[in-house]
Amino acid sequence: MSDLERIKKTWASVAGLEQNAFKENLEVSQGTEVYHHLLKLTSGLDSLVVGEEQILGQVKESINAARQLQAAGNRLNTLFEKAIRVGTRVRHSTGISRGSISIGSMAVKLAEENIDDLKSKYILLIGTGEAASLVAKSLKRRGTNFFVTSRTFERSQAFAQTVGGKPIKFEEAMSNFKSIDVLFVATIAPYFLVTYERVQGAMESRKNGMLIMDLSNPRTVDERVATIKKIKMMNLDQIAEMVDKNMRTRIGVVSSAEKIINEELPVVEAAMKRVEIEPIVNNVFKEIDQARIKELKKALQMLGETDEEKIRIIDQLTQAIVEDIMSIPMNNLRKASEQGDSEIVRTVTKLFDYKTRE
Ligand SMILES: NC(=O)c1ccc[n+]([C@@H]2O[C@H](COP(=O)([O-])OP(=O)(O)OC[C@H]3O[C@@H](n4cnc5c(N)ncnc54)[C@H](OP(=O)(O)O)[C@@H]3O)[C@@H](O)[C@H]2O)c1
C-alpha cells in the first residue's frame, strides 16, 4: 500500500468517513510542491479571503496538536516551523492582512447593504465555530443584537459569553424561522441544515422577506431556497467574491507576497534536505565516537593510567582527532544534500552502511 493510501485509510477510519469522501475533496501535493503549498497557505495567499489571519492560527494549532500526540517528527516540525515563520514574515512585510476584511465582516456588511436598518431586525446565527465568531464579532462591533444557536446548548452559552449574542436552543431556533429576518449559517453539517421545506413553511406565515447568508463550505443551506419568493440568499462564493473585489484595491500586495515566498522556498528546501541528512551525520559521529571510546579505554588500560589530568588530556586528544578528520567530509555531505546531490548522499550512506544498521 502506498503512503498516500495509508494516510487516506487512517484518516477515514479516525474521522469515520468513507474513503470515497476523499475523491472530490482531497488535494494531493508531492515533493517540493508541498513546501510551496504550505508557504502560500500560511501567508494567506491560498485563502478565500487573501491575507486572512485565521489560517495561520489554524496551521499553528494543527502542528501543536500533532506534537502533543507525538505524531510530528523532525521533518514535520521543521517544515511547519519554517512555514509559520515565512507566513509571519509575509504578513509583516507586505501588510497583506492589514485592511483585509474577513468573510464574517463581509457577510455582515452585505447584510447591512441588502436590508434596511439591520439593527432593528431579528437575526439568527447558526453555528458557534470560528466562522460564526467572525460574524458575531462584526455584529457586536455594530451594536447589533442577535440570537445564536448550535446543537449543544452549552456551546451556544459559552459562545454568547465570549463572543456575544443571545443563546437559544437548537430545536427552538430551527422551528422558528418565521420570526427571523436575517439568517447567518456557518456550520460544518454534512447535509442541508436549512432545507427548502423549512424555509418555505416559514415564509407562508411571514409578510416580510428574509435574507440568508450561508458561509458554509460545503453549503448547509439548500440552493433551492433562493427560488422561494421574498428570499434573498448569498452563499460563501458570492461573499468571497465581494471580499476579493475589496482585495483588488490592494493589488501589488499579492505579488510582493509571492516574491517573498519564491525567495524563501529554496531556504525551506535546503532546511528540509538538512533534516534528511542529519540522522546519517549523527549516526556516523555516534559510531565513530563509540569506536574512539572503546580504543581509548583499551589504551588507558594498557598504560595503567590513573592520573585524571592525563586521562582528560588523552580523551580530549582523541576527540580532537576525530572531529578534525570528520568535520570537513560531514559538512560537505550536508552541503551536498542541501544542493540535492543525491549521488554523494547515496555513496556515503553505502560507505557507512547506514541503512543496514537502522
Ligand atoms: N473558519 C473560517 O475562517 C472559515 C472561513 C470561511 C468559511 N468557513 C466555513 O464555515 C463553516 C464552519 O467552519 P468553522 O471553521 O467555523 O468550523 P468549526 O469551528 O469547526 O465549527 C463548526 C460549527 O458547526 C456546528 N456543527 C457541526 N456539525 C453540525 C451538524 N451536523 N449540524 C449542525 N451544526 C453542526 C458546530 O456546533 P455543534 O457541534 O454544537 O452543532 C460548530 O458550531 C465551514 O463550512 C467552513 O468551510 C470557515
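Residues numbered from 1 in each chain as written. Predicted model: local features only at pLDDT ≥ 70, side-chain atom pairs only at ≥ 80, totals over all residues. Heavy atoms only, no water.

**Side note on the domain arrangement of the chain**
One can read the domain layout of the chain as domain 1 (3-99 + 250-258), domain 2 (103-248) and domain 3 (266-357). Here the C-alpha centroids of domain 1 and domain 2 sit 28 Å apart. (Domains from an automatic or database assignment.)

**Examining the site of the ligand**
Close to the ligand lie 22 residues, the nearest being Thr128, Ala131, Arg151, Thr152 and Asn217. In this structure, an oxygen atom belonging to the ligand sits 3.3 Å away from a main-chain N or O atom of Gly129. Between an oxygen atom of the ligand and a main-chain N or O atom of Glu130, the distance comes to 2.9 Å. Taking 870 Å² as the accessible area of the ligand by itself, protein coverage stands at 82%. (Near = heavy atom within 4 Å. Polar contact = N/O pair within 3.5 Å; in protein donor to acceptor, adjacent residues only side chain to side chain. Areas by Shrake-Rupley, 256 points an atom, 1.4 Å probe, with all protein chains shown as cover.)

**Quick word on the packing of helix H3 (residues 33-43) against helix H12 (residues 253-303)**
Closest axis-to-axis distance for the H3/H12 pair is 10 Å, and the angle between their directions is 130°. Considering their axes alone, H3 and H12 lie oblique with respect to each other. Relative to H12, H3 is oriented so that their crossing is right-handed. Residues Tyr35, His36, Leu39, Lys40 and Ser43 of H3 lie in contact with H12, whose contacting residues are Ile261, Asn262, Glu264, Leu265, Val268, Glu269 and Met272. Residues that form the contact of H3 with H12 fall into these classes: six nonpolar, three polar and three charged. (Axes fitted to C-alpha atoms, helices over the stretch in contact; angles between N-to-C directions. Helix = DSSP H or I, 4+ residues; strand = E, 2+ residues; numbered from the N terminus. Parallel < 35°, antiparallel > 145°, perpendicular 65-115°, else oblique. Left-handed = near helix turned anticlockwise from the far one by under 90°. Contact = heavy atoms within 4.5 Å. Nonpolar A, V, L, I, M, F, W, Y, C, P; charged D, E, K, R; others polar.)

**Section: the sheet that holds strand S5 (residues 210-214)**
Strand order in this open sheet of six strands is S3-S2-S1-S4-S5-S6, and the pairing throughout is parallel. Every interior strand has two partners, whereas the edge strands, strand S3 (166-167) and strand S6 (231-234), have only one. Pairing analysis gives four bridges linking strand S4 (residues 182-185) to S5, with the strands arranged parallel. Bridge assignment links Val185 to a residue of S5, and that residue is Asp214. Against the sheet, helix H6 (residues 103-114) contacts S4, S5 and S6, and its axis sits at roughly 160° relative to S5. (Pairing = 2+ DSSP bridges.)

**Quick notes on the environment of Lys230**
Looking at the secondary structure, you find Lys230 in the loop between S5 and S6. In this structure the C-alpha to C-alpha distance between Lys230 and Asn208, which are 22 residues apart in sequence, comes to 7.3 Å.

**Remarks on the packing of helix H13 (residues 308-338) against helix H14 (residues 342-351)**
Interhelical geometry of H13 versus H14 gives an angle of 135° and a closest axis separation of 8 Å. On the basis of their axis angle, the class for H13 and H14 is oblique. Of the two possible hands of crossing, H13 and H14 adopt the one that is left-handed. Residues Leu333, Ala336 and Ser337 of H13 lie in contact with H14, whose contacting residues are Ile344, Val345 and Val348. Its residues assigned to classes, the contact of H13 with H14 shows five nonpolar, one polar and no charged.

**Thoughts on the environment of Ile325**
Looking at the element boundaries, Ile325 is found in helix H13. Ile325 sits in the exposed class, given a relative accessible area of 54%. Sequence spacing of Ile325 and Phe22 is 303 residues, and the spatial spacing of their C-alpha atoms is 52 Å. (Buried < 20%, exposed > 50% of the residue type's maximum accessible area, 1.4 Å probe, protein only.)

**A few points about the pattern of salt bridges**
Tallying each qualifying case throughout the model produces 21 salt bridges. For Glu264, the salt bridge is made with Arg89, and the minimal N-O distance between the two is 2.7 Å. Of this pair, Glu264 sits in helix H12 while Arg89 sits in helix H5 (residues 74-94); the two residues are 175 residues apart in sequence, bridging distant segments of the chain. Note on Glu264: relative accessible area 6%, which makes it buried. Overall, Arg89 belongs to the partly exposed group, its relative accessible area being 32%. Between Glu112 and Arg142 there is a salt bridge, with its nearest N and O atoms 3.0 Å apart. You can see Glu112 sitting in helix H6 and its partner Arg142 sitting in the loop between helix H7 (130-141) and strand S2 (147-149), a full 30 residues away along the chain. The exposure class of Arg142 is partly exposed, given its relative accessible area of 24%. (Salt bridge = Lys/Arg side-chain N within 4 Å of Asp/Glu carboxyl O.)

**Quick look at the pairing of strand S1 (residues 123-126)**
Every regular strand shows the same layout, with side chains that alternate between the two sheet faces. A two-sided burial pattern is seen for S1, the buried positions comprising Ile123 and Leu125 on one face and Leu124 and Ile126 on the other. Pairing geometry for S1 and S4, over four bridges, is parallel. Each bridged residue has a counterpart across the sheet, and for Leu124 the counterpart in S4 is Leu183. Summarising the sheet, S1 and S2 pair through three bridges and their orientation is parallel. Across the sheet, Ile126 pairs through a bridge with Thr149, a residue of S2. Each parallel crossover has a hand, and for S1 linked through H7 to S2 it is right-handed. (Right-handed = clockwise from strand over helix to strand, strands pointing away.)

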